[in-house]
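# Observations on chain architecture
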Amino acid sequence: MNRAAESHPACVVAAADEHDVIAAVRMAAERDQAVGVMATGHGQAVPADGAVLVNTSRMDGVTVDPAAATAWVEAGTRWTRVVERATWHGLAPLNGSSPSVGAVGYTMGGGAGLLGRRFGFAADHVRRVRLVGADGRSCDVTAESDPDLFWAVRGGKDNFGLVVGMEIDLFPVSYLYGGGLYFAGEATAEVLHGYAEWTRRVPETMASSVLLAHQPDLPGVPEPLRGRFVVHLRIAHSGDIAEGERLVRPLRKLGGPLLLDTVRKMPYAEVGSIHHDPADEPYVAYDRNVLLKELTPETVELISALAGPGSPLVAELRHFGGAYARPPRVPNCVGGRDAEFSFFTGAVPDPDTLRRRDEMLDALRPWSTGGTNLNFAGVEDSTPQRVAAAYTPADYARLTALKVRYDPHNTFRINLNIPPGE
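These remarks concern the structure in this document. Keep in mind it's a predicted model, so treat the numbers as computed, not measured.

Here we come to the overall build of the chain. On a plain count of helices and strands, the chain comes out with 12 helices and 16 strands. Since a compact globule built from 422 residues should have a radius of gyration of about 22 Å, the 21 Å found for the chain is in line with a globular shape. Principal axes of the C-alpha set define a box for the chain whose edges measure 65 × 50 × 45 Å. When each of the 422 residues of the chain is scored for burial, the buried share is 57%. Look at the contacts in the chain between residues 6 or more apart in sequence, and 73% of them connect residues 24 or more apart. With an accessible surface of roughly 17,000 Å², the chain has 53% of that area assigned to carbon and sulfur atoms. Of the charged side chains in the chain, 41 are positive and 51 negative, and the gap between their average positions amounts to 3 Å.

Right under this line is the structure:
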């Protein structure tokens, strides 16, 4: 849970079902209060001060239809439960790298996970949404029932209503060739140069990312990594296992002796071990991100210099492209389809650290698409200009126009807000 956005709501509704959500929205309307939603707190970016905050964590039901390869997922469900239920049937959802994240918020923000280069954004594979609108009424939203709202909510997060459930596609992926290759910080530039070249040749079944971070000197950290700056190259290959091993082989030769190698054949149920993100520990982080159109040798040198050993920042490069770049069968408003990589960085709230973070992002502008990823946004990204950067200009204009129709009083504004157009 990111505690960078502390909230002091007027009241908190611990919703157990759709009826509680309806009651909360209607109460807020009667009191002329804003409405916010929280499932896990992982991506809370805006304080809910004076608002009605709906906590959906009790709404954690999952129903899998193995014949149709779909799942019905309630509002407060974490990906852990979806992965668990789906893998019983040899199926996999388009979950994020951290299964402790809430499934609905992640998906409505786009959702770029470990199967995305093969299948696309998670939002591209939503079949139906159950939504409580600003008028306090619930409805099923599909491409047939309301194509405008269905387009907007898949990528518009909670700007058009509170999603109490969604029907999503599942995919026949039972195993991955995945895990982490851990290199010493001194090899940062060599690893990143080799990685950049390697990504130009891999198939869409290969997902990967690189984390640059100083590991804490704590008992829970593997001994070879403890207390040192580490380059963590994460791998998730969803195709043939032997092909995955062949593709990863040249990476193992980068950067001198590996500190740790956890890449192996694994059941999809263990997908969370690849990024090995902290689960429920509270933290304070000021996150920002930029999407990159390419990763050139000059880009690598800049990142290595500014985010390598000695840097107080945490930085991640994530490979996009593949199916992310293709428009979905049913259109939605998810942006960033022109990106080859995302670059995410987190900082503690120290003025010098924040300055160094912003200077690095500014220096990356020559390689930027001009866009950002909504799910990687932080507490400083709630301004209209920064929210708009997550969409194409045409899509953002359409979203503000649709906001007038579906939420004219901007009831749902405790978020990365899309205001009603004029």
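Let us keep going from here.
Moving on, we get to the sheet that holds strand β3 (residues 52–55). Pairing is parallel in the open sheet, where three strands are placed in the order β1-β3-β2. Every other strand in the sheet has two partners, leaving β1 (11–14) and β2 (35–38) as the edge strands with one partner each. Ignoring strand direction, the axes of neighbouring strands in this sheet form an average angle of 25°.

This brings us to the sheet that holds strand β5 (residues 70–74). One open sheet accounts for five strands, arranged β4-β5-β8-β6-β7; its pairing is antiparallel. Looking at strand neighbours, the two that pair on one side only are β4 (62–65) and β7 (138–141), the edges of this open sheet. Put simply, the sheet's adjacent strands are angled 10° from each other on average, direction ignored. Along the sheet face, helix α1 (residues 18–31) touches β6 (126–132), β7 and β8 (162–169) and points at about 50° away from the line of β6.

Scanning all chains against the criterion turns up nine aromatic pairs. Measuring from centroid to centroid gives 6.4 Å for phenylalanine 121 and phenylalanine 320, while their planes differ by 65°, and the two rings are edge-to-face. With phenylalanine 121 in the loop between α4 (116–119) and β6 and phenylalanine 320 in the loop between β15 (314–319) and β16 (341–347), this pair connects stretches of sequence that are 199 residues apart. This pair shows no difference in class: phenylalanine 121 is buried, exactly as phenylalanine 320 is.

Rules and cut-offs
Residues numbered from 1 in each chain as written. Predicted model: local features only at pLDDT ≥ 70, side-chain atom pairs only at ≥ 80, totals over all residues. Heavy atoms only, no water. Helix = DSSP H or I, 4+ residues; strand = E, 2+ residues; numbered from the N terminus. Rg over C-alpha atoms; globule rule 2.2 N^0.38 Å. Buried < 20%, exposed > 50% of the residue type's maximum accessible area, 1.4 Å probe, protein only. Contact = heavy atoms within 4.5 Å. Areas by Shrake-Rupley, 256 points an atom, 1.4 Å probe, with all protein chains shown as cover. Lys, Arg positive; Asp, Glu negative; His and termini not counted. Charge placed at Lys NZ, Arg CZ, Asp CG, Glu CD. Pairing = 2+ DSSP bridges. Axes fitted to C-alpha atoms, helices over the stretch in contact; angles between N-to-C directions. Phe/Tyr/Trp six-rings, centres within 6.5 Å; stacked < 30°, edge-to-face > 60°.

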